[in-house]
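Observations on the model geometry
The primary structure of each chain is shown beneath.
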Amino acid sequence: MKGFLWKDYLTIRKKYGLPRLVLDLAIVAALLILLEGTGALVVSLVLVPLEVTSMVVSLTSFDETWKWEKYAVALPVSKGEIVKSRYAFALLMTLVGFGVALAANLIAWAAFGAGSLGNCLLLAVGSFFLTLLVLAVLFPSNYRLGVNAGVAVMILFLIAVLVLWFLSRVTEFSWLAAAAAHAALLPWAGFAAAAVLFLLSYFLSAALFRRKFR
């Protein structure tokens, strides 16, 4: 599995590299400066999930272009291990995204007095669970229908975020306040839901991958 993880890392490094890292950091900085306290919310619940899922879609695209899967199934590893390595790499990227979301929220709190330290952690945790949720839908779609399905999932995620934002403005409902009111329960419930969905997603993706190369 280490070899597969290293291969995915090298692919992402070649695809994105230092210029993309600088661009992403510039976007985060711009959002925090222009939107002040709200910027951390956008970074956590929109930018981080989109960036992680776009990397997974890029890996799938390269796999299809290079016919990587046909080569991988000839290696002395199980098809389940091949799928598991991609899930493991996505989980690592999600952890990096959590770090970015937490840093953005701490900066917004320190610079603009946005929320509290508890809300900073809550938003970062919410970003982590939301990213896992999107990935849980994205992976089986990729293994069943290819990279175009992954792009469709990203578009649907954006539409869902915009709809929720519109509803919150119309109804004046504060999602953050509601989450903070259940701060003690939310991380545990989110962890349980994300873990179950991610595991179910893995088993479904593994079954689809095995069926693809019978």
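Below is a short write-up of the structure. (Residues numbered from 1 in each chain as written. Predicted model: local features only at pLDDT ≥ 70, side-chain atom pairs only at ≥ 80, totals over all residues. Heavy atoms only, no water.)

A word on the packing of aromatic side chains
Evaluated as defined, the whole model comprises 11 aromatic pairs. Between F62 and W66 the ring centres are 4.8 Å apart and the planes differ by 35 degrees, which places this aromatic pair in the tilted class. Pair noted here: F62 and W66 are both in helix α3 (residues 37-66), with a separation of four residues, about one helical turn. You can call W66 partly exposed: its relative accessible area is 46%. Pairwise contacts between aromatic rings join Y87, F139, F198, Y202 and F203 into one cluster. (Phe/Tyr/Trp six-rings, centres within 6.5 Å; stacked < 30°, edge-to-face > 60°. Helix = DSSP H or I, 4+ residues; strand = E, 2+ residues; numbered from the N terminus. Buried < 20%, exposed > 50% of the residue type's maximum accessible area, 1.4 Å probe, protein only.)

Section: the layout of surface pockets
What the second largest pocket holds in volume is close to 620 Å³. Around the second largest pocket sit 22 residues that line it, and L21, D24, E51, M55 and V96 are the ones nearest its centre. Within the residue set of the lining of the second largest pocket, elements represented by two or more residues are α1 (2-15), α2 (17-35), α3 and α5 (79-112). Broken down by element, the lining of the second largest pocket gets its largest block of residues, seven residues, from α2. Looking at side-chain class alone, the lining of the second largest pocket contains 16 nonpolar, two polar and four charged residues. (1 Å grid on protein atoms, 1.4 Å probe; cavity = no way out; pocket = protein on both sides within 12 Å on 5 of 7 lines; lining within 4 Å. Points joined across faces, edges and corners; volume = space filled by probe spheres on them. Nonpolar A, V, L, I, M, F, W, Y, C, P; charged D, E, K, R; others polar.)

Side note on the pattern of salt bridges
In total, this model carries seven salt bridges according to the counting rule given. One salt bridge in this structure joins K7 and D63, with 2.7 Å as the shortest N-O distance. Taken together, the residues K7 in helix α1 and D63 in helix α3 connect sequence positions 56 residues apart. Each member of the pair K7 and D63 is classed as buried. The residue R20 makes a salt bridge to D24 at a minimum N-O spacing of 3.4 Å. Of this pair, R20 and D24 both sit in helix α2, four residues apart, roughly one helical turn. Linked by salt bridges that have partners in common, K7, D8, D63 and R86 make up one network. (Salt bridge = Lys/Arg side-chain N within 4 Å of Asp/Glu carboxyl O.)

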